[in-house]
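Secondary and tertiary structure notes
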Amino acid sequence: MHQVTVPIRDAPYQVLIGSGILDQAHGFLAGRPADSPVAVVADANVAERYAGEVRDGVTAAGRKACLLLVPPGESSKNLSELERLYDGFASIPLDRRSTVAAVGGGVIGDLAGFAAATYLRGLDLVQIPTTLLAQVDASIGGKTGVNLLQGKNLVGAFHQPRLVVADVATLRTLPPRELRSGLAEVIKYGVIADPALLEQLASERDAIQRAQPEAVEGLVVRSCQIKAEVVAADERETGRRAILNFGHTLAHALEAATVYHEYLHGEAVAIGMVAAARLSCRLSGMSPEVSRQLEELLRSYDLPVALRTPVDPARLMEAARRDKKARGGALTFVLARSPGDVDLFQVDESRVLEVLEELMP
Ligand SMILES: NC(=O)c1ccc[n+]([C@@H]2O[C@H](COP(=O)([O-])OP(=O)(O)OC[C@H]3O[C@@H](n4cnc5c(N)ncnc54)[C@H](O)[C@@H]3O)[C@@H](O)[C@H]2O)c1
Ligand SMILES: [Zn+2]
């Protein structure tokens, strides 16, 4: 088992990464005040497989634990599911020393995390991510929240977990498309911080695609180290943390313009990274060879490197402008000079349109 520390100033915490380590979660949960209950939040796809084990482990150790279910999917990350969780918390009932355990992908982590951030003005939270995307990204860093009809993640809070347990064995049951979506974020970490990670992704592709725990574990560890480092340096995203958004300016716009139906997040990020790399060749001195290698790597993982269906460029630009990361109408992009060397750039819309043109089907 590996341990990565997220060195947040007030309350540093550990990310435990390994295969078959769910018992680390119940061990930790059971060790908290025995007379106050735990709420285990999960969706139906992970409830029986994993969340039940966590609940039973806590109960066996003598602390009351209840399982609360949320329907699977992004559409559950909303205010009415949040209210249903509050109802569940109240009927258990949770108290101030209770812990919320989020077992599942980023949807459960964000929703249960926000419920934990706000119920009784804040309860302890343990993240038990079961998708690759959540293990390398969503479960770390303390961003929690829900969507509104007007947009994604518009309501939320920073609420750091006490512990993250990433059991890579859970990825074996993850649909391959979801695994690939998470791999796009791993590729992103390679581009922003670690060229060696890109080499590893290229050389161990077969084992990684089969979700072999030994192969995936190393990727999760390295991704968590990078995210932990960036987050600790800039907990509230006032500066450097924005480099985690490499590929995300266009990804968010594409997701919004296609109403979240056509692309999984990681797929949109893959296309966004191709666009960012091509802009990097024009504006920040990336060599075309590096950009080509990135496209090749994405393609080798069956991730999209261009739009699958046409989208009106004007609609995409409008969505990009609306994204909360846009400042004063200018489009902010994370661009790379070379892998591991990235910065924020203001990019003229005409340059973005040029690249979009190239990526249309
Ligand atoms: N808080 C953050 O910093 C942060 C960062 C990135 C993304 N996010 C959020 O994360 C969400 C996306 O997360 P996601 O990609 O994990 O999606 P998700 O939570 O919807 O999970 C994807 C699908 O996989 C299923 N699933 C989960 N684990 C499984 C397993 N082990 N076996 C079989 N099926 C399993 C889920 O039920 C779901 O159907 C978005 O809402 C996004 O905004 C948050
Ligand atoms: Zn992302």
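In short, a report on the structure. Within any chain, residue numbers begin from 1 and follow the written order of that chain's sequence. Here chains are named by letter from A upward and ligands by number from 1 upward, in the order in which they appear as written. Only residues with pLDDT of 70 or above have their local features reported here, since the model is predicted, and side-chain atom pairs are shown and tallied only from 80 upward, although totals for entire chains, interfaces and linings are computed over all residues. Only hydrogens and water are set aside when side-chain values are computed; all heavy atoms of the structure are taken into account.

What follows covers the coordination of the zinc ion (ligand 2). Sites may look incomplete because water is not among the atoms; the donors themselves are N, O and S atoms within 2.8 Å of the metal, or within 3.2 Å for Na, K and Ca. On the protein side, the zinc ion (ligand 2) has Glu185 (OE), His248 (NE2) and His265 (NE2) as donor atoms, found 2.0 to 2.1 Å from it. In the primary sequence, the donor residues of the zinc ion (ligand 2) line up as E-x62-H-x16-H. Here histidine 248 is found in helix H10 (residues 248-257), whereas its partner histidine 265 is found in helix H11 (residues 265-283), with 17 residues between them in sequence. Comparing histidine 248 with histidine 265, the two get one shared label, buried. By the criteria applied, helices consist of DSSP H or I runs no shorter than four residues and strands consist of E runs no shorter than two, each listed in order from the N terminus. Think of it in three bands: residues with accessible area under 20% of the maximum for their type are buried, residues over 50% are exposed, and the middle band is partly exposed, with areas taken using a 1.4 Å probe on protein chains only.

What follows is about the site of ligand 1. As a structural note, the neighbourhood of ligand 1 is formed by 26 residues, with Asp43, Glu74, Thr130, Thr131 and Thr173 the closest of them. At a separation of 3.1 Å, an oxygen atom of ligand 1 approaches a polar backbone atom of valine 107. Here a polar contact means two N or O atoms within 3.5 Å. Within protein one must be a hydrogen donor candidate and the other an acceptor candidate, and residues neighboring in sequence count only if both atoms are side-chain atoms. One nitrogen or oxygen atom from the main chain of threonine 170 is found 2.9 Å from a nitrogen atom belonging to ligand 1. Computed by Shrake-Rupley with a 1.4 Å probe, the accessible areas treat only the displayed protein chains as cover when residues are assessed. Burial of ligand 1 by the protein amounts to 89% of the accessible area it has alone, namely 870 Å². Listed by contribution, the elements that provide at least two residues to the shell around ligand 1 are helix H2 (44-60), helix H4 (106-118), helix H5 (132-138) and strand E8 (151-158). Here the shell around ligand 1 takes 4 residues from H2, the largest share from any one element. Proximity is defined per residue: any heavy atom of the residue falling within 4 Å of a molecule or strand makes that residue near it.

In this section: the sheet that holds strand E9 (residues 163-167). Sheets are built from strands that pair by backbone hydrogen bonding, the pairs being arranged parallel or antiparallel. Pairing in this open sheet of 7 strands is mixed, and the strands run E1-E2-E9-E6-E5-E3-E4 from one edge to the other. A strand with exactly one partner marks an edge of an open sheet, and here the two such strands are strand E1 (2-6) and strand E4 (65-70). Within this sheet the neighbouring strands show an average axis-to-axis angle of 20°, counted without direction. On the sheet, helix H1 (residues 22-30) packs against strand E2 (13-18), strand E3 (38-43), strand E5 (99-104), strand E6 (124-129) and E9 and is oriented at approximately 155° with respect to E9. Only heavy atoms matter for contacts: two residues are in contact if any of them lie within 4.5 Å across the pair. Here the axes come from fitting lines to C-alpha atoms, over the contacting stretch only for helices, and the angles between their N-to-C directions go from 0 to 180 degrees. Against the sheet, helix H9 (residues 213-233) engages E1 and E2, with an angle of about 15° to E1. Between any two strands, pairing holds if DSSP finds at least two bridges.

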